[in-house]
Amino acid sequence: MDYARKDPLIVKLSLNNPDNIGLEYRIHKELFDLLQPEETHLFVRPYDWIDPQPATNGKAGFVMECGIENLRGY
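First, a word on scope: everything that follows refers to the structure included in this document. (Residues numbered from 1 in each chain as written. Predicted model: local features only at pLDDT ≥ 70, side-chain atom pairs only at ≥ 80, totals over all residues. Heavy atoms only, no water.)

Further remarks concern the pattern of salt bridges. Counted according to the given criterion, the structure contains two salt bridges. With a closest N to O distance of 2.7 Å, Lys12 and Glu24 form a salt bridge. Of this pair, Lys12 sits in strand β1 (residues 9-13) while Glu24 is found in helix α2 (residues 18-34), placing the two residues 12 residues apart along the sequence. When the shortest N-O distance is used, the salt bridge between Asp33 and Lys29 registers 3.4 Å. Within this pair, Asp33 and its partner Lys29 are both found in helix α2, separated by four residues, close to a single helical turn. Taking the relative accessible area as the measure of exposure, Asp33 reaches 51% and is therefore exposed. Among the residues examined, Lys29 registers a relative accessible area of 32% and is labelled partly exposed. (Salt bridge = Lys/Arg side-chain N within 4 Å of Asp/Glu carboxyl O. Helix = DSSP H or I, 4+ residues; strand = E, 2+ residues; numbered from the N terminus. Buried < 20%, exposed > 50% of the residue type's maximum accessible area, 1.4 Å probe, protein only.)

Take a look at the structure:
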C-alpha cells in the first residue's frame, strides 16, 4: 500500500519567526485534542514539531495532514 498517497502530509515552515509557528502548532494540537472522535475529520491533524536547525536553514515548522484544498481564499 502506498501510504504517501493515502495519507499525504505537509510541512509548514516558519518564514522569519519560529516562535509564531510554534504557537500555531500548539494551538492546532490543543484544538485537535478537544475534538470528539466523530469530529476529527473536520480538522487537519497536526503530527509533529520541527525544531530550527541547519538542515532547515534555521526555520521551525510543523508536520500536519495535507488538506483536500487550500482554504486561504475563503
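Okay, the nonpolar core next. With five residues, the main nonpolar core is built from Ile21, Tyr25, Ala60, Phe62 and Met64. Secondary-structure elements contributing two or more residues to this core are α2 and β3 (61-65). Among residues more than four places away in sequence, those in contact with Ile21 are Lys12, Leu13, Ser14, Trp49, Ala60, Gly61 and Phe62. (Core = buried A, V, L, I, M, F, W, Y, C linked by side-chain atoms within 4.5 Å. Contact = heavy atoms within 4.5 Å.)

Everything listed here is a matter of geometry and, on its own, says nothing about what the molecule does.
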